[in-house]
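If you want the building blocks of each chain, they are given just below.
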Amino acid sequence: MGRKSIYIDFFSQEDLIKAGCFNLKMAVSVTKKALVDNQQGKVLFPDKIVQIFDKETQSRINCLPATLLNEKICGMKWVSVFPQNPVKFGKQNLTAVILLSEIETGFPIAVMDGTLCSNMRVGAVGAVAAEYLAKEDSETIGFIGAGEQARMHLLAMKSVRPALKICKVASKFEAEEEKFIYDMSKVIPDMEFKKCSTNLADAIIDSDIIVTATSAQAPLLKAEWIKEGVFYSHIGGWEDEYAVAKKASKIVCDEWNAVKHRTQTLSRMYRDKELSDTDIYADLHELVMNKKPGRENDKEFIYFNAVGLSYIDISIAYEMYKTVSGKSYGVKLQMQDDMIFNKDDLLKHIKI
Ligand SMILES: NC(=O)c1ccc[n+]([C@@H]2O[C@H](COP(=O)([O-])OP(=O)(O)OC[C@H]3O[C@@H](n4cnc5c(N)ncnc54)[C@H](O)[C@@H]3O)[C@@H](O)[C@H]2O)c1
């Protein structure tokens, strides 16, 4: 009988990027397929496990499992959100790790960076929504928040709305706006960037697509700043006054049932009885599966809120795994050389 070894591949964020996984078109198409697969019963999607360490800042670590039945892959995203990190430690807010197992033997196959995948998923879900809900000729995008999600959202939106040519950004600190513009103008050199010097209204007024991606828990976005025909992607927690959703012609969620018991503005409105189930126009899969029309005219102001569906993260992560594995990237780690009681030197080390 041969040894019963188990190996796991480890892929860093740099491995994934060098292998070509930082591909938003891939993430958008995987997101659409995942939404359909879930509706067709090809996904196991248990509840996430949430551990919140600070109610005020919402510092938390979540465990999000999902299984892709056709692909025979079970995965988990382990994700930390520590909103104080940028100001307190000069470090990122969100950090994630992905674990993938195959479900023939149940053995783990890979541990990989999940921050890239998680941020790409947020962007890709927003981009799928924009494909159905943003005006085709949207030219100006305005951001409140200039952090990691805002950056990824800009790339994702540009991939589905290539006519975008002006990007306005407002944040809590001017230096952050400057860094956002410095970083993003290298990636999208033909875009005109405008720093709003912490004036949030400036980023929103006259924009065709608006995005709030902040770590604030406050009603920053005002309804009166929003013009007709706008598509709004809400990413953070409580970021807009209730009048924003009340003004919307349509409210669409990645999945309303997942959104309604959380801490976003829509969830707060639901809890405060300012919004009910019938106010929600659709879940994203209904647009992708042509069950409901998306934007129907240039006047609609459409509000989109995604809370995150882990089977999409696992779908993107598995696509990344297929891209990166079998090449010269990563490290193969031996988790087990042989089964516990088959080891030759066990007697030297065992204590009873
Ligand atoms: N919906 C989802 O699926 C999803 C997924 C991941 C993260 N998030 C959320 O997205 C948000 C942003 O995450 P991130 O990784 O980009 O964080 P980040 O720390 O990188 O960026 C946060 C940004 O918010 C800005 N901000 C904070 N308070 C502000 C205020 N009062 N006025 C204006 N700007 C303010 C900061 O200056 C910063 O630019 C977080 O709330 C996070 O929990 C949502």
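The rules behind the values
- Residues numbered from 1 in each chain as written.
- Predicted model: local features only at pLDDT ≥ 70, side-chain atom pairs only at ≥ 80, totals over all residues.
- Heavy atoms only, no water.
- Helix = DSSP H or I, 4+ residues; strand = E, 2+ residues; numbered from the N terminus.
- Buried < 20%, exposed > 50% of the residue type's maximum accessible area, 1.4 Å probe, protein only.
- Contact = heavy atoms within 4.5 Å.
- Areas by Shrake-Rupley, 256 points an atom, 1.4 Å probe, with all protein chains shown as cover.
- Lys, Arg positive; Asp, Glu negative; His and termini not counted.
- Charge placed at Lys NZ, Arg CZ, Asp CG, Glu CD.
- Axes fitted to C-alpha atoms, helices over the stretch in contact; angles between N-to-C directions.
- Parallel < 35°, antiparallel > 145°, perpendicular 65-115°, else oblique.
- Left-handed = near helix turned anticlockwise from the far one by under 90°.
- Nonpolar A, V, L, I, M, F, W, Y, C, P; charged D, E, K, R; others polar.
- Near = heavy atom within 4 Å.
- Polar contact = N/O pair within 3.5 Å; in protein donor to acceptor, adjacent residues only side chain to side chain.
- Domains from an automatic or database assignment.
- Patch = residues over 30% accessible without salt bridge, like charges linked within 9 Å, V, L, I, M, F, W, Y side chains within 5 Å.
- Salt bridge = Lys/Arg side-chain N within 4 Å of Asp/Glu carboxyl O.
- Expected span 1.5 Å × (residues − 1).

*Asks:* Is there a simple way to explain the overall build of the protein in this structure?
*Replies:* When you go through the protein residue by residue, the secondary structure sums to 13 helices and 16 strands. Overall, the C-alpha framework of the protein stretches about 75 × 40 × 40 Å when taken along its three principal axes. Looking at the protein as a whole, 53% of its 352 residues qualify as buried. Of all intrachain contacts in the protein linking residues separated by at least 6 positions in sequence, the fraction that spans at least 24 positions is 68%. Carbon and sulfur atoms make up 53% of the accessible area of the protein, which totals about 16,800 Å². Considering the protein, the positive charge centre built from 46 side chains and the negative charge centre built from 48 side chains are found 2 Å apart.

*Asks:* Would you explain the environment of Val122 in this entry?
*Replies:* Tracing the chain through its elements places Val122 in helix H4 (residues 115–133). Distance in space between the C-alpha atoms of Val122 and His153 is 7.3 Å, their sequence separation being 31 residues. Contacts of Val122, omitting those with residues within four sequence positions, involve Gln149, His153 and Ile235.

*Asks:* It is not clear to me how the packing of helix H5 (residues 148–160) against helix H6 (residues 174–187) should be interpreted in this structure. Could you clarify?
*Replies:* For any two helices packed against each other, one specifies the crossing angle of their axes together with the interaxial distance. Relative orientation of the contacting elements H5 and H6 amounts to 30°, with a least axis distance of 11 Å. When the axes of H5 and H6 are compared, the pair comes out roughly parallel. When the axes of H5 and H6 are compared, the crossing they make is right-handed. Residues Ala150, Arg151, Leu154 and Leu155 of H5 pack against Lys179, Phe180, Asp183, Met184 and Val187 of H6. Partitioning the contact of H5 with H6 into residue classes produces six nonpolar, no polar and three charged.

*Asks:* Which parts of the structure should I look at to understand the site of the ligand?
*Replies:* Taken together, the neighbourhood of the ligand is formed by 25 residues, with Ala146, Gln149, Glu176, Thr214 and Ala306 sitting nearest. Between an oxygen atom of the ligand and a side-chain N or O atom of Ser171, the distance comes to 2.9 Å. The separation between an oxygen atom of the ligand and a polar side-chain atom of Glu176 is 2.5 Å. Coverage of the ligand by the protein chains reaches 89% of its 860 Å² of free accessible surface. Broken down by secondary-structure element, the contributors of at least two residues to the shell around the ligand are H4 and H5. When its residues are assigned to classes, the shell around the ligand shows eleven nonpolar, nine polar and five charged. Two domains each put at least three residues into the shell around the ligand: domain 1 (6–117 + 310–349) and domain 2 (134–305).

*Asks:* What is the right way to look at a nonpolar patch on the surface in this model?
*Replies:* A cluster of nonpolar side chains, contributed by Ile340, Phe341, Leu347, Ile350 and Ile352, occupies part of the molecular surface with about 710 Å² of accessible area. Tracing the chain through its elements places Phe341 in the loop between strand E16 (331–336) and helix H13 (346–349).

*Asks:* Quick question: what am I supposed to make of H5 here?
*Replies:* Working note: α-helix, 3.6 residues per turn, so residues spaced by three or four point in the same direction. In this model H5 runs 19 Å from its N-terminal to its C-terminal C-alpha over 13 residues, within 8% of the 18 Å that 1.5 Å per residue would give. Counting buried positions along H5 yields eleven of 13 residues, so the element is predominantly enclosed. Of all the residues in H5, the buried ones are Gln149, Ala150, Arg151, Met152, His153, Leu154, Leu155, Ala156, Met157, Lys158 and Val160.

*Asks:* Explanation requested: the packing of H4 against H5 in the structure shown.
*Replies:* Contact pair H4 / H5: the axes reach a minimum separation of 8 Å and the direction vectors enclose 45°. Classed by the angle they form, the pair H4 and H5 counts as oblique. Handedness of the H4/H5 crossing: right-handed. Of the residues in H5, those in contact with Leu116, Asn119, Met120, Val122, Gly123, Ala124, Gly126, Ala127, Ala130 and Glu131 of H4 are Glu148, Gln149, Met152, His153, Ala156, Met157 and Val160. Tallied by class, residues from the contact of H4 with H5 come to ten nonpolar, five polar and two charged.

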